[in-house]
Structures are given as structure tokens and as C-alpha cells.
Amino acid sequence: FGFLAGVLFILRVVQRTMRGARYAQSIETRYLAIACTASMTAMLLHSCVDFNMYVPVNGMVFAWILGIAGIFLGRRRSTRATG
């Protein structure tokens, strides 16, 4: 159950970060969301073939990236006013 909870949390963060990249208000926010998504994806793909999360520095970098991507967790899609 613990592993499943961790995987679901990471997948939710990645999904919300990709949504943040799509619906960003500024270009800087969009680039930040794209960078977080790309780096999380690269680290997770690398973890499939190597044990890089056993190195404490790599785990800390991944947690740091998740923390930066956490700004996209509370955001909702903005509705555009017509008129």
C-alpha cells in the first residue's frame, strides 16, 4: 500500500505539472512546468534501469524538483471571461 501511495502521488504531481504547462498564464511559468515535467520523467525513466535513487543526492534532487512542481498542485484551470 505504501508503494502504491507513493506512485499515485508522483503520478498526480506529474499530471498536474503537465496541466500547469498547458494552461500557464505566463511563458516563465510554462517553461518551469515543462522543465519540472521533463526532469521528473528523465529521473523516473533512469530509475527503471538503474538504482539512482539509492544515492542520497539524487533522491534529494528529485524531492527538490517535486517541491518546485508542487506549486502546480493547488492551481485550477482558469476560466476565461468573455466580453
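Computed from a predicted structure; not experimentally measured.

Trainee: Lay out helix 2 (residues 27–49) with the relevant residues and their values.
Mentor: Look at helix 2: 34 Å from first C-alpha to last across 23 residues, which is about the 33 Å you get at 1.5 Å a residue. Among the residues making up helix 2, those that are buried are T29, A33, C36, T37, M40 and M43. Buried residues along helix 2 sit in contact with helix 1 (2–22) and helix 3 (56–69).

Trainee: Summarise helix 1; cite the residues concerned and give the values.
Mentor: Because each turn of an α-helix spans 3.6 residues, side chains separated by three or four positions end up pointing in the same direction. Between the first and last C-alpha of helix 1 there are 31 Å, a value that for 21 residues agrees with the 30 Å anticipated at 1.5 Å per step. On its buried side, helix 1 packs onto helix 2 and helix 3.

Trainee: Tell me about the nonpolar core, residues and numbers included.
Mentor: Counting residues in hydrophobic clusters, the biggest one holds 9 residues: V13, V14, C36, M40, M43, F62, I65, L66 and A69. Elements with a minimum of two residues in this core: helix 1, helix 2 and helix 3. Per-element accounting of this core gives the leading share, 4 residues, to helix 3. Once you skip the residues sitting within four places of it in the chain, V13 turns out to touch M40, L66, A69 and L73.

Trainee: An account of the environment of F72 is needed here, citing residue identities and associated values.
Mentor: Tracing the backbone shows F72 in the segment after helix 3. A relative accessible area of 2% places F72 in the buried class. Through-space distance from the C-alpha of F72 to that of V14 is 9.5 Å; in sequence the pair is 58 residues apart. With residues up to four places along the chain from it excluded, the contact list for F72 reads R16, T17, G20, T29, L32 and A33.

Trainee: Could you give me a rundown of the packing of aromatic side chains, with the residues and numbers involved?
Mentor: Overall, the coordinates contain 1 aromatic pair when judged by the stated rule. With a centroid separation of 5.7 Å and an interplanar angle of 55 degrees, the aromatic rings of F51 and Y54 are classed as tilted. The exposed category is assigned to F51, whose relative accessible area is 62%. The exposed category is assigned to Y54, whose relative accessible area is 67%.

Rules behind the numbers
Residues numbered from 1 in each chain as written. Predicted model: local features only at pLDDT ≥ 70, side-chain atom pairs only at ≥ 80, totals over all residues. Heavy atoms only, no water. Helix = DSSP H or I, 4+ residues; strand = E, 2+ residues; numbered from the N terminus. Expected span 1.5 Å × (residues − 1). Buried < 20%, exposed > 50% of the residue type's maximum accessible area, 1.4 Å probe, protein only. Contact = heavy atoms within 4.5 Å. Core = buried A, V, L, I, M, F, W, Y, C linked by side-chain atoms within 4.5 Å. Phe/Tyr/Trp six-rings, centres within 6.5 Å; stacked < 30°, edge-to-face > 60°.

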